[in-house]
Amino acid sequence: MAGGESSRLRELFAGARGRLLAALLLAEFAASVTGLSYSAVLPVAAAELSGLEFYGAAVTATGIVGIAFLGFGAYLYGRIGAQAQLLISTIVLVAGVVMSATATTMWVLVGGLALRGVAAGLMGGLGMGVISEVYPDAKQRERVFGLYAIMWIAPALVGPAINGVLLVAWGWRAT
């Protein structure tokens, strides 16, 4: 990496907004690893819950609902602010995780995954709103969104292996 590029990255991560960016990127990384875990976990869950016919709905629930709520998340950020939106998103996410992890049928699992998609869309809109506000310079904002993309690429390379190990060690509910 050239010296100029390195100094531009240092500029993105400088001060309070840099710490905020690091936290947002870590959250995005965690969301990506979680999303990718479905490839290892859902076949086992579908078999245990006797719901293989609903596997497709389970695979797509989080992503489709997340995309649908992404625009609403950006709108909500402008209406109620970051803290209130983060609280709402977190409550919805926890409800979706609990519902998924304690599912007794495949439809309950799909419902939990859909709730997780609502939270993902709301949080994604929150992240875009915060980044747009904290990085008003278009060139810096482009770099930040590029870093966001890396947070989805890196887990795609290592996430399935990590989740496979977790699945074998603790089962699909814990994973």
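Before reading further, recall that the structure is shown in the block above.
If you're wondering where the values come from, they're calculated on a predicted model, not measured in any experiment.

Caption draft 1: The arrangement of the packing of aromatic side chains in detail. Following the criterion strictly, the structure yields four aromatic pairs and no others. For the ring pair Phe69 and Phe72, a centre distance of 6.2 Å and an interplane angle of 90° mean the geometry is edge-to-face. Placement of both Phe69 and Phe72 in helix α3 (residues 55-80) is noted, with a separation of three residues, approximately one turn of the helix. A relative accessible area of 39% means that Phe72 is categorised as partly exposed. Among the aromatic side chains, those forming a connected cluster through ring pairs are Phe69, Phe72 and Tyr75.

Caption draft 2: Here's a closer look at the nonpolar core. Leu42, Leu49, Ala58, Met106, Leu109, Leu113 and Trp172 are the most contacted members of the largest nonpolar core, which has 16 residues in total. Those elements that place two or more of their residues in this core are α2 (15-48), α3 and α5 (106-134). Contacts of Met106, omitting those with residues within four sequence positions, involve Ala46, Leu49, Gly51, Phe54, Tyr55 and Ala58.

Caption draft 3: Just the pattern of salt bridges, in detail. If you walk through the whole model with that rule in mind, you get one salt bridge. A salt bridge links Arg173 to Glu48; its shortest N-O distance comes to 3.3 Å. Here Arg173, found in the segment after α6 (138-170), pairs with Glu48, found in helix α2; they are 125 residues apart in sequence, far enough to count as distant. We classify Arg173 as partly exposed; its relative accessible area is 34%. For Glu48, a relative accessible area of 48% corresponds to the partly exposed category.

Reading guide: rules and limits
Residues numbered from 1 in each chain as written. Predicted model: local features only at pLDDT ≥ 70, side-chain atom pairs only at ≥ 80, totals over all residues. Heavy atoms only, no water. Phe/Tyr/Trp six-rings, centres within 6.5 Å; stacked < 30°, edge-to-face > 60°. Helix = DSSP H or I, 4+ residues; strand = E, 2+ residues; numbered from the N terminus. Buried < 20%, exposed > 50% of the residue type's maximum accessible area, 1.4 Å probe, protein only. Core = buried A, V, L, I, M, F, W, Y, C linked by side-chain atoms within 4.5 Å. Contact = heavy atoms within 4.5 Å. Salt bridge = Lys/Arg side-chain N within 4 Å of Asp/Glu carboxyl O.

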